[in-house]
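# Understanding the architecture of this molecule
So the chains spell out like this:
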Amino acid sequence: MFKGPFSFSGNKSRIYKLYLQSTISKFSRVHEPFIGSGVCLYNSVGGGIGLDIDQNVVGLHRALSIQDFPKMVLDKYNRFFRDPEGRKDSYYKLREDFNKSWKEEGLSSNNLDSLYILVQHSFNSLLRFGPNGFNVPWGDKKFDISRIKEAQRIFLQKGIEVTHGDFRELDLDKIDRHRDLIYIDPPYIASKYQYGGWTQQNDIEMFEWISLLDELGYKFILSNTLKHRGEKNELLHHFSEGLHTKVVKMTYNAWSARVKAVEKEYGTIEVLVSNFEL
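All values derive from a computational prediction rather than experimental measurement.

Of note, K246 is situated in strand β9 (residues 244–248). Considering only alpha carbons, one finds K246 and V39, 207 residues apart in sequence, at a separation of 19 Å. Not counting the four nearest positions on each side in its chain, K246 is found in contact with Y19, E270, V271, L272 and L278.

Written out as structure tokens, the structure is:
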């Protein structure tokens, strides 16, 4: 199993391994309209289409189409991280250098290599930007160039396509109703973490879109939380009626990167909702 080209909060590698791997292996292609780190897409048999509204996420995936990108990343790493004892200082120097470039030209082929390194080393693998650029502190994680090389091999071999856009912009004409799967992993309303200002209205619009997929005969799996800390996701509960629902039995640690006292995510009911039996 490949964990995706970069670490990302909400990464589904554990759920994929325990609950999705056998199902996804039965489909020719997998499409992710909320791609994130793209675990299901990269582990699919024949690739697929990924979308995201975050240009930085899209940029990290599309960088893999650059032929010498792994070499670019390794050269940049060796340039900044020469002292094994000063990795934390090197991280902040690289972050400063990246943000200077980012302010001048945005995310580009000139600084994507830096962002890959920053995300690998960032606290809890966060990809977060403020007005002045990437602002995640040091996370004391190891650099892994082999992961980038493997990601590029998969990306090119499977012809993975990643574009910037809203989930509703997924091109259904490119999806086979019988052989393909649409895996939907949006921000969770009933969760400790809410990304990108996702609201109940966004949930309503997404459920309407998924209902349309169902009517048109497309296979889908939706990841979401039915309950979190006593707060029930009533919209999801209503939407899932008449569909197949499987409870995901897992416990997560919040902010687990080098934190001595982490908070367990008890009281959360995470589910997989589909229009076929898992």
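All right, on to the side chain of K12 then. By secondary structure assignment, the location of K12 is in the segment before α1 (13–24). A polar side-chain atom of K12 sits 3.2 Å from a polar atom in the side chain of D185. In this structure, K12 is in contact with V39, Y183, D185, Y188, S223 and E270, ignoring residues within four places of it in sequence.

This model, assessed by the stated rule, comprises 16 aromatic pairs. Aromatic pair W102 and F129: ring centres 5.2 Å apart, planes at 40 degrees, arrangement tilted. Of this pair, W102 sits in helix α5 (residues 87–105) while F129 sits in strand β3 (residues 129–130), and the two are 27 residues apart along the sequence. Residue classification places F129 among the partly exposed residues on the basis of a relative accessible area of 22%. Aromatic pair F129 and F134: ring centres 5.7 Å apart, planes at 75 degrees, arrangement edge-to-face. Relative accessible area serves as the criterion here: at 1%, F134 is assigned to the buried category. Among the aromatic side chains, those forming a connected cluster through ring pairs are F34, F167, W198 and W209.

With that settled, consider helix α8 (residues 200–216). For α8, which comprises 17 residues, the first-to-last C-alpha distance of 24 Å matches the rise-based estimate of 24 Å (1.5 Å per residue) to within 8%. Restricting attention to buried positions, one finds in α8 the residues D203, M206, F207, W209, I210 and L213. Buried residues of α8, seen end-on, are gathered within an arc of 165 degrees and therefore sit on one face of the element. Facing away from the buried surface of α8 by more than 90 degrees, the exposed residues are E208 and E215. Residues of α8 that are buried sit in contact with β6 (180–184), β7 (219–228) and α9 (234–239). Immediately downstream of α8, the backbone of G217 shows phi near 95 degrees, a positive value.

To continue, consider the pattern of salt bridges. According to the stated counting rule, one finds 9 salt bridges in the structure shown. When the shortest N-O distance is used, the salt bridge between R29 and D180 registers 3.6 Å. Placement of R29 in strand β1 (residues 29–31) and of D180 in strand β6 is noted, with a sequence separation of 151 residues between them. Relative accessible area serves as the criterion here: at 24%, R29 is assigned to the partly exposed category.

Before going further, it helps to examine the packing of α5 against helix α6 (residues 112–121). Between α5 and α6, the shortest axis-to-axis distance is 10 Å and the interhelical angle comes to 140 degrees. Between α5 and α6, the angle is such that the two are oblique. For the pair α5 and α6, the sense of crossing is left-handed. Contacts between α5 and α6 involve R87, Y91, L94, R95 and F98 from the former and S114, L115, I117, L118 and H121 from the latter. Each residue belonging to the contact of α5 with α6 can be placed in one class, and the counts come to 6 nonpolar, 2 polar and 2 charged.

Basis of the calculations
Residues numbered from 1 in each chain as written. Predicted model: local features only at pLDDT ≥ 70, side-chain atom pairs only at ≥ 80, totals over all residues. Heavy atoms only, no water. Helix = DSSP H or I, 4+ residues; strand = E, 2+ residues; numbered from the N terminus. Contact = heavy atoms within 4.5 Å. Polar contact = N/O pair within 3.5 Å; in protein donor to acceptor, adjacent residues only side chain to side chain. Phe/Tyr/Trp six-rings, centres within 6.5 Å; stacked < 30°, edge-to-face > 60°. Buried < 20%, exposed > 50% of the residue type's maximum accessible area, 1.4 Å probe, protein only. Expected span 1.5 Å × (residues − 1). Arc of directions from axis to C-beta. Salt bridge = Lys/Arg side-chain N within 4 Å of Asp/Glu carboxyl O. Axes fitted to C-alpha atoms, helices over the stretch in contact; angles between N-to-C directions. Parallel < 35°, antiparallel > 145°, perpendicular 65-115°, else oblique. Left-handed = near helix turned anticlockwise from the far one by under 90°. Nonpolar A, V, L, I, M, F, W, Y, C, P; charged D, E, K, R; others polar.

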